[in-house]
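# Residue-level structure breakdown
This is what each chain is made of:
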Amino acid sequence: MTCDDSSSSFTSAFTQQDKYPLSVIYCGNCSLPFEYCEYNSPEEFQRCLLWRRENYPELFSTYDESLLSDALKNVTVSESLTKAVENNNRSAKKKAPPSPEVVVTKAQRKGRKQVTIISGLDKAGVKLSEFSKVCKKQFSCGASVVTAPDMREVVEVQGDHLQETLVLLKDQFSVPGEYLYVMDDNKRKVHAF
Amino acid sequence: MFKKFNPQEDIVSQVPIKSSVQRAIRTQVLEQFSSIEPFIDNVLPKKEKWILIKCHGHLNLISINYGPPVLFNLRTGPYFPSLRLLHAYPFLLPRLQVDKGAIKHILKGADIMCPGLTSAGARIDEALPSNRMVGIFAEGKEHALAIGITKLSTEEIRNVNKGVAVENIHYLNDGLWKLELEGTTSLSSC
């Protein structure tokens, strides 16, 4: 697949105006055109080959077959799918725990003024605007929904209301205690309760 | 340029482009890539919404309808096509072909060295001056793997045969390539 000389396509490409734009098939695993899959890490390349065999069997040549490792050769499509899903699950578990995290942080504003920032509320099923409204009433302070630098929506409450917001979240908004985290001085997430 | 590109940190703003500015961009692109003229309406459709994505370092990306970026430039410099665009219209840029050994380094973002362009598997089909935008193709591969700027003229590349020949601007699987993936399933906008 990779060894043929491309010189023929080199010149003929310019004569056939009609065929543009060329539609290039990209690998669903690594997003590169197929011919560059082999430059991924060996494990990644195996996954690319599996993907190609499932989705574009007509482009899956015997040469590719010979590159596929023995362990995967006899795996049927459905098995490889489940394997891929398993792999995904495994990596997902390692990276991010599935349970929502509500993180409460304190931040300094101008001078000695502080704000309390609550992030991750949307994932815990709390409406941000509603929460900020309740905060305003309860703590008689300013509170608003703002977009954090990482483009996530967070609630910003003026003043230091760290403990109060935690209690409020737990009691009135029935967010389970194990979802609640506080950022400590070393910028590490710690369970609030 | 996009080796350490992090969309969350590096993108400053995304704004729709005024139609008068769109026209200016269109004429500039036509001027730069005259061969694209029959397809300009596919590449830069008039009716769609154009988005200017401003990034740190005076980098501007242009996307159609929040699709994958089609063009990018630095400050007010010339527009570079994105690799996806170059894949669809490979005649946009002059070709340089590198040998097989160079591919893996280019895919890691390395600049293209002279020997990679002068050895047996490589091809230099047309004479190019230095400081010219080029598409980097590879021995035995159909599609481009990088877009760069020549640092030496092709003549110098052949004669000197040492050091950096082409600066790597945009390569497969770099930050811009990956950015294009987000929220896109079809490539029709390219």
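Residues numbered from 1 in each chain as written. Chains lettered and ligands numbered in written order. Predicted model: local features only at pLDDT ≥ 70, side-chain atom pairs only at ≥ 80, totals over all residues. Heavy atoms only, no water.

## What about the overall build of chain B?
A count of helices and strands for chain B gives eight helices and 11 strands. In chain B, buried positions account for 54% of the 190 residues. Once local pairs closer than 6 in sequence are excluded, the contacts in chain B between residues at least 24 apart make up 60%. Of the roughly 8800 Å² of accessible surface on chain B, a fraction of 49% belongs to carbon and sulfur atoms. (Helix = DSSP H or I, 4+ residues; strand = E, 2+ residues; numbered from the N terminus. Buried < 20%, exposed > 50% of the residue type's maximum accessible area, 1.4 Å probe, protein only. Contact = heavy atoms within 4.5 Å. Areas by Shrake-Rupley, 256 points an atom, 1.4 Å probe, with all protein chains shown as cover.)

## A short note on the nonpolar core
Within the largest apolar cluster, 78 residues are counted, with the highest numbers of intra-cluster contacts made by Leu61, Tyr89, Leu92, Leu117, Ile136 and Leu145 of chain B. No other element matches the five residues that strand β9 (residues 133-138) of chain B contributes to this core. Formed jointly, this core draws a minimum of three residues from each of two domains, domain 1 (7-82) and domain 2 (95-171) of chain B. Listed in part, the 21 residues of the second largest apolar core include Val104, Leu128, Val155 and Leu166 of chain A. (Core = buried A, V, L, I, M, F, W, Y, C linked by side-chain atoms within 4.5 Å. Domains from an automatic or database assignment.)

## Topic: the interface of chain A and chain B
Each side of the interface is counted separately: chain A has 24 residues, and chain B has 30 residues. With both sides pooled, the region where chain A packs onto chain B buries about 2500 Å², and carbon together with sulfur makes up 61% of that total. At the boundary of chain A with chain B, the tally comes to one salt bridge. Close ionic contact of Lys141 of chain B with Glu38 of chain A constitutes a salt bridge, the shortest N to O distance being 2.8 Å. Across the chain A-chain B interface, the total number found is eight residue pairs in polar contact (both at pLDDT 80 or more). A breakdown of the residues in the side of chain A that touches chain B according to their chemical character gives 14 nonpolar, six polar and four charged. (Buried area = accessible area lost by both parts, 1.4 Å probe. Salt bridge = Lys/Arg side-chain N within 4 Å of Asp/Glu carboxyl O. Polar contact = N/O pair within 3.5 Å; in protein donor to acceptor, adjacent residues only side chain to side chain. Nonpolar A, V, L, I, M, F, W, Y, C, P; charged D, E, K, R; others polar.)

## Topic: the sheet that holds strand β5 (residues 80-81) of chain B
All names here are of chain B. Spatially, five strands are ordered β1-β2-β3-β4-β5 in an open sheet, and the strand pairing comes out antiparallel. Edge strands, defined here as strands with exactly one partner in the open sheet, are β1 (11-16) and β5. Bridge count for β1 against strand β2 (residues 50-55) is five bridges, and the pairing is antiparallel. Bridge pairing links Gln14 to Ile53 in β2. (Pairing = 2+ DSSP bridges.)

## Remarks on the confidence of the model for chain B
All names here are of chain B. Taken as a whole, chain B shows an average pLDDT of 87; of its residues, 94% reach a score of 70 or greater. Mean pLDDT per element in chain B: helix α8 (residues 175-181) is the minimum at 76, and β5 is the maximum at 94. Note on residues 181-190: pLDDT under 50 across the span, and 14 contacts to partners over four residues away in sequence or across chains. Scored by ipTM, the complex comes to 0.76, with pTM at 0.63. (pLDDT = per-residue confidence, 0-100.)

## A short note on the pairing of strand β10 (residues 146-150) of chain B
Residue and element names in this part refer to chain B. Counting buried positions over the five residues of β10 gives five, a clear majority of the element. Neither face of β10 is left uncovered, since the one carrying Ala146, Gly148 and Thr150 and the one carrying Ile147 and Ile149 both have all their residues buried. Pairing between β9 and β10: four bridges, direction antiparallel. Note on β10: the bridge partner recorded for Val134 is Gly148. Pairing geometry for β10 and strand β11 (residues 164-171), over five bridges, is antiparallel. Its bridge partner lying in β11, Thr150 is registered against Val166.

## A short note on the environment of Gly177 of chain A
Residue and element names in this part refer to chain A. Inspection of the secondary structure puts Gly177 in the loop between α7 (162-171) and β5 (180-183). Judged by relative accessible area, which is 16%, Gly177 ranks as buried. On a C-alpha basis, the gap between Gly177 and Ala192 in space is 7.3 Å, while along the polypeptide they are 15 residues apart. Apart from the residues lying within four places of it in its own chain, the contact partners of Gly177 are Lys170 and Phe193.

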